[in-house]
Amino acid sequence: MRKIKWGVIGAGGIADRRTLPGMMLSENCELVAVMEVFEDAAKKLAEKYNAKYYYTTAEELLANEEVEAVYIASPVKFHKEQVIAAAKAGKHVLCEKPIAVQLADSNAALAACKENGVLAAAGFMMRYHSLHQKMKEIIASGKLGQIVSCRAQLNCWFPDIEGNWRQQRVHTGGGALMDMGIHCIDLLEYILDSKATRVVGMCETKTFQYDIEDSANVLLQLENGAVCYVDNNYNVPDDAVACRLEIMGTKGSLIAENTISQVEGGSLCCRFIDQGAYNAQQDRVETEVVEYLPQEGNMYAKELDSFSRSILDNTPVVVPMEDAIHVQKVIEMAYQSSDESKILKVEA
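Since we're looking at a predicted model, the values are computed, not measured. (Residues numbered from 1 in each chain as written. Predicted model: local features only at pLDDT ≥ 70, side-chain atom pairs only at ≥ 80, totals over all residues. Heavy atoms only, no water.)

**Here's the deal with the pattern of salt bridges**
Logical step 1: Evaluation of the coordinates by the stated rule reveals 17 salt bridges.
Logical step 2: Its salt-bridge partner being K52, residue E66 comes within 3.0 Å of it at the nearest N-O pair. With E66 in the loop between α3 (58–62) and β4 (69–72) and K52 in the loop between α2 (39–49) and β3 (53–55), the pair connects residues that are 14 residues apart, well separated along the chain.
Logical step 3: E66 sits in the partly exposed class, given a relative accessible area of 24%.
Logical step 4: Using a relative accessible area of 52% as the deciding quantity, one classes K52 as exposed.
Logical step 5: Residue K342 pairs with E340 through a salt bridge whose shortest N-O separation is 3.8 Å.
Logical step 6: When salt bridges with common partners are traced through the structure, they connect K97, R166 and D179 into a single cluster. (Salt bridge = Lys/Arg side-chain N within 4 Å of Asp/Glu carboxyl O. Helix = DSSP H or I, 4+ residues; strand = E, 2+ residues; numbered from the N terminus. Buried < 20%, exposed > 50% of the residue type's maximum accessible area, 1.4 Å probe, protein only.)

**Regarding the sheet that holds strand β10 (residues 227–233)**
Pairing between sheet strands relies on hydrogen bonds along the backbone, with the strands arranged either parallel or antiparallel.
Logical step 1: If you trace the nine strands from one edge of the open sheet to the other, you get β14-β13-β12-β11-β7-β10-β9-β8-β15, paired in mixed fashion. The open sheet is flanked by β14 (290–292) and β15 (344–345), the only strands paired with a single partner.
Logical step 2: Relative to β14, strand β13 (residues 267–272) is paired through three bridges, and the arrangement is antiparallel. Bridging from a neighbouring strand, C269 pairs with E291 of β14.
Logical step 3: Contacts from helix α8 (residues 176–192) reach β7 (147–155), β8 (196–204), β9 (215–222), β10 and β11 (245–249) within the one sheet, and its direction differs from that of β10 by about 155°.
Logical step 4: Packed on one face of the sheet, helix α10 (residues 321–340) meets β8, β9 and β15 and runs near 55° to β8. (Pairing = 2+ DSSP bridges. Contact = heavy atoms within 4.5 Å. Axes fitted to C-alpha atoms, helices over the stretch in contact; angles between N-to-C directions.)

**Let's talk about the environment of D160**
Logical step 1: Looking at the element boundaries, D160 is found in the loop between β7 and α7 (169–172).
Logical step 2: For the pair D160 and E66, spaced 94 residues apart in sequence, the C-alpha to C-alpha distance is 41 Å.
Logical step 3: For D160, the contacting residues outside a window of four places in its chain are Q167, F208, Q209 and Y210.
Logical step 4: In terms of polar contacts, D160 uses its side chain to reach the backbone amide nitrogen of Q209, at 3.0 Å. (Polar contact = N/O pair within 3.5 Å; in protein donor to acceptor, adjacent residues only side chain to side chain.)

**So, the sheet that holds β4**
Logical step 1: On the basis of which strands lie adjacent, the open sheet formed by six strands has the order β3-β2-β1-β4-β5-β6 and parallel pairing. Strands with a single pairing partner mark the edges of an open sheet, and in this sheet they are β3 and β6 (120–122). This sheet shows a mean twist of 25° between the axes of neighbouring strands, independent of strand direction.
Logical step 2: In the sheet, strand β1 (residues 4–9) pairs with strand β2 (residues 29–35) via six bridges, with the strands oriented parallel. Looking at the pairing, W6 lines up with L31 of β2.

**Digging into the pairing of β10**
Logical step 1: Burial analysis of β10 places five of its seven residues in the buried class, the great majority of the element.
Logical step 2: Where β7 meets β10, seven bridges bridge the pair, whose relative direction is parallel. In the strand pairing of β10, A152 is matched with V230.
Logical step 3: Of the strand pairs in this sheet, β9 and β10 are connected by seven bridges, and their pairing is antiparallel. What sits directly across from L220, in β10, is C228.
Logical step 4: Hairpin connection from β9 to β10: four residues lie between these consecutive antiparallel strands, with G225 at a positive phi of about 95°.

Right, dumping it as structure tokens:
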């Protein structure tokens, strides 16, 4: 099988922790070049992952004719210019979320990809988690009945760190919601196959001193009528939460724990009720629980394999950049809702 030759822009951080190890497991990806701003770091990453070339600028990497596709994991403020430059160089683009700091810039990046005929994907690797795909399968089967209420939670501890770019709005476009909630909202829309139509946000900086929110609570109403609660915090210890993904329907529930993560782990508990019955005393009867554990796999490898197959076979991208731009729009409206204390309608 021919492999797509990849370059990585911003090869430290999440790329080094997760994506590059995933690429090493990929069936149809070959890493040929890495870029980091410091030469020593770039050289070490090239040696670590056996890349032929290393660079200190994106321009140098994009000039390499061997590179067919790029994964962009640099600070968000650089995404727009790097996506546009990659598109003009004829490289297919997988970009981490958000696509750019501002929604208008994300749209400009996507437009450049379309104008130059390159494929463009977003880094929503959690869609490839086997348990999230199982939840989507169950919902599509109708086994859960009418979907009524949902929750997606991703929290961590992220205290003030001097000079950290992720804690500066000018570099990121937002805090806990933009960084982590973007995954939660995308997962809910993906699993339920329904887009947000209304949004309410309450976003604050309660605990730390940086200029992004450390606490975000959002209510969404989807096209199918379901109401979804999304909570994201930078001020809750990692080990204090189960990062739950819950879906409640008229015929049962799906409750996943620790699946909203960078690792394909956690568990899924399903309760299916053939026929609900009115019970004035609200007695709780223990029902059978069907439990699923994740299949062996790596979400990042699956993400890279999927995008590479789209390039090789000229087939539609499974996680198109448009989806990330849509979720960014929902998040920006949540920020507006929080500022104005209003319920806002999400325009198509």
